[in-house]
Amino acid sequence: MDALLDQSMLQCPAPAKLNLFLHVTGRRADGYHLLQTAFQLIDHGDTLDIVRREDGLIHRTNEIAGVPEDSDLIVRAARLLKAHTASPYGAELTLHKILPMGGGLGGGSSDAATTLIALNRLWQCGLRRQELMNLGLQLGADVPFFLFGRNAFAEGVGEVLQEITTPDCWYLVIEPGVQVPTPAIFSSKELTRDTKTFRITDFSGSADKHLRNDLQAVACTLFPEVAEVIDWLSKFGNAKMTGSGACVFCDFADEISADEVLKQVPDRWISWKARALSQHPMAHLVQA
Ligand code: C5P
């Protein structure tokens, strides 16, 4: 018998992701963009305390600046799972947020995925991975990846996923101090699309120099703060924006090299290092 089934509370990590590259290849009739990207999990992220309630109520226990409870993806994820499974249970959700909003690190999506994984267990719903991914997609294009739980080459709007092997390296991440609204980047007239599709076999697994993020030029035009960070970090390696921004990262073969550069980051920017993860720390709780 699984010890977890006796538990009514879980402390859960919600790791961030980096997009090692991101190509925009088309646009769907509903306005969503078709992409090709490589998602990399890193060991830096939010954490959630999730407690099962017997009375069916769903609450977030803490205030998150700028995110009212009803629109928080963790609350919406819990409500969605409850509606889908008709579970009699509820949940108390406490979110310890360290990932910036509008950072391109997938924080909100990861929080939502973690909520689905944890409540699927605590409520004993028994949904399998693909069913959780289908639910997650209703909450955002990046949510299925966090439920997939392994580094992935993604297509579609980000929901068609194939596992990839990526190097065990370190990343330095810099927050440029601006929040980038994803819809503003995707709706920009400056956004170019490259319909030449890329094959997964062309991808070496690392954040190759020749692979770009198609959203980067638009974000740099709208938010010069992002361009400033890319210029600075480019002195040390292959600096690139993640997702629709704002965060910028660079890969390093080892922790010492990442630390060397971290020490030099100007005080006006928040920066940190993170190690590549090979899988989501909660992946073992999701049944294939
Ligand atoms: O799915 P998510 O909530 O993260 O997307 C936010 C917005 O970003 C969407 O409403 C859409 O305008 C844009 N988007 C897009 N194509 C994607 C992902 C997001 O156009 N693949």
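Within each chain, residues carry numbers counting from 1 in the order of the written sequence. Residue-level local features of this predicted model are given only where pLDDT is at least 70; pairs of side-chain atoms are given and counted only at 80 or more, and the full residue set underlies all totals for whole chains, interfaces and linings.

Looking at an unreviewed UniProt entry, one finds the protein chain named 4-diphosphocytidyl-2-C-methyl-D-erythritol kinase, with Undibacterium parvum as its source organism. UniProt positions are given in the numbering used here, feature names are shortened, and annotations may be inferred rather than shown by experiment. For the protein chain, the Pathway (unreviewed entry) comment in UniProt is given as "Isoprenoid biosynthesis; isopentenyl diphosphate biosynthesis via DXP pathway; isopentenyl diphosphate from 1-deoxy-D-xylulose 5-phosphate: step 3/6."

As a matter of local geometry, the ligand sits amid Gly31, Tyr32, His33, Leu35, Gly140, Ala141, Asp142, Val157, Gly158, Thr182, Pro183 and Phe186. A run of H or I in DSSP becomes a helix once it reaches four residues, and a run of E becomes a strand once it reaches two; helices and strands are each numbered from the N terminus. Secondary structure elements with two or more residues in the shell around the ligand: β2 (33-53) and α5 (182-186). Taken together, the residues of the shell around the ligand break down into six nonpolar, five polar and one charged. By convention here, the C-beta atom is placed from the backbone, and a residue is near a molecule or strand when that atom is within 6 Å of it. Under the scheme applied, nonpolar residues are Ala, Val, Leu, Ile, Met, Phe, Trp, Tyr, Cys and Pro; charged residues are Asp, Glu, Lys and Arg; polar residues are all the others, including Gly.

Now for the UniProt feature "domain: GHMP kinase C-terminal" (unreviewed entry) in the protein chain. Taking the UniProt record as the reference, the feature "domain: GHMP kinase C-terminal" (unreviewed entry) is found at residues 210-269. A helix fraction of 42% and a strand fraction of 12% characterise residues 210-269, whose end C-alpha atoms lie 27 Å from each other.

Here we take up unusual backbone geometry. Cis geometry marks the peptide bond from glycine 245 to alanine 246; its omega dihedral reads 10°. Locating alanine 246 in the fold gives a position in the loop between β8 (240-241) and β9 (248-252). Phi is positive for alanine 86, close to 55°, though the residue is something other than glycine. Residue position: alanine 86 is located in the loop between α1 (73-85) and β4 (90-96). By C-beta crowding, alanine 86 is classed as exposed, having 7 other C-beta atoms within 10 Å. Residue burial is a threshold on neighbouring C-beta atoms within 10 Å of the residue's own C-beta, all placed from the backbone, with 20 or more meaning buried, 12 or fewer meaning exposed, and counts in between meaning partly exposed.

Turning to the pairing of β9, a few remarks are in order. Most of β9 is tucked away: four of the five residues are buried. DSSP-based pairing: two strands are paired if at least 2 bridges between them are found. As defined by bridge partners, strand β7 (residues 170-175) adjoins β9 across five bridges and the pair is classed as antiparallel. Of the residues in β9, the one forming a bridge with tryptophan 170 is phenylalanine 252. Direction of pairing for β8 relative to β9: antiparallel, over a ladder of two bridges. Bridging from a neighbouring strand, lysine 240 pairs with phenylalanine 249 of β9. From the end of β8 to the start of β9, which pair antiparallel, there are six residues, and glycine 243 there has a positive phi angle of about 55°.

Attention shifts here to α1. For α1, spanning 13 residues, the distance from its first C-alpha to its last is 18 Å, which sits close to the expected 18 Å at 1.5 Å a residue. For α1, the set of buried residues is Leu73, Ile74, Val75, Ala77, Ala78 and Leu81. We call two residues in contact whenever the C-beta atoms placed from their backbones are within 7 Å. Packed against the buried residues of α1 are β2, β3 (58-60), β4, α2 (107-122) and α3 (129-137). Positive phi shows up at alanine 86, right after α1, with a value of about 55°. In this scheme, a helix's expected span is set at 1.5 Å multiplied by one less than its residue total.

On to the UniProt feature "domain: GHMP kinase N-terminal" (unreviewed entry) in the protein chain. This chain's UniProt record puts "domain: GHMP kinase N-terminal" (unreviewed entry) on residues 73-150. Secondary structure content for residues 73-150 is 56% helix and 9% strand, and the end C-alpha separation is 21 Å.

Right, let's get into the pairing of β7. Burial runs high along β7: six of the six residues are buried. Here β7 shows two buried faces, one formed by Trp170, Leu172 and Ile174 and the other by Tyr171, Val173 and Glu175. Bridge analysis of β7 against strand β10 (residues 270-275) gives six bridges, and the strand direction is antiparallel. Paired with isoleucine 174 across the strands is serine 271, a residue of β10.

The next thing to look at is the sheet that holds β8. Read across the sheet, four strands follow the order β8-β9-β7-β10 without closing on themselves; strand pairing throughout is antiparallel. Strands at the two margins of the open sheet, each flanked by one partner only, are β8 and β10. To get an axis, a line is fitted to the C-alpha atoms, and for a helix only the part in contact is used. The angle between two axes follows their N-to-C directions and goes from 0 to 180 degrees. Packing of helix α7 (residues 224-233) onto the sheet brings it into contact with β7, β8 and β9, and relative to β9 it is tilted by some 20°. Where helix α8 (residues 255-262) meets the sheet, its contacts fall on β7, β9 and β10, and the angle it forms with β7 comes to roughly 20°.

Our next topic: the packing of α2 against α3. Interaxial distance between α2 and α3 falls to 11 Å at its minimum, and their mutual angle equals 140°. Put simply, α2 runs oblique to α3. When the axes of α2 and α3 are compared, the crossing they make is right-handed. Between α2, through Ala112, Ala113, Leu116 and Asn120, and α3, the contact on the second element is made entirely by Leu132, Leu135 and Gly136. The class makeup of the residues in the contact of α2 with α3 is five nonpolar, two polar and no charged. Should an angle fall under 35 degrees it is called roughly parallel, over 145 degrees roughly antiparallel, and 65 to 115 degrees roughly perpendicular, with every other angle called oblique. Each helix crossing is assigned a hand: it is left-handed if the near helix lies turned anticlockwise from the far helix by less than a right angle, otherwise right-handed if that turn is clockwise.

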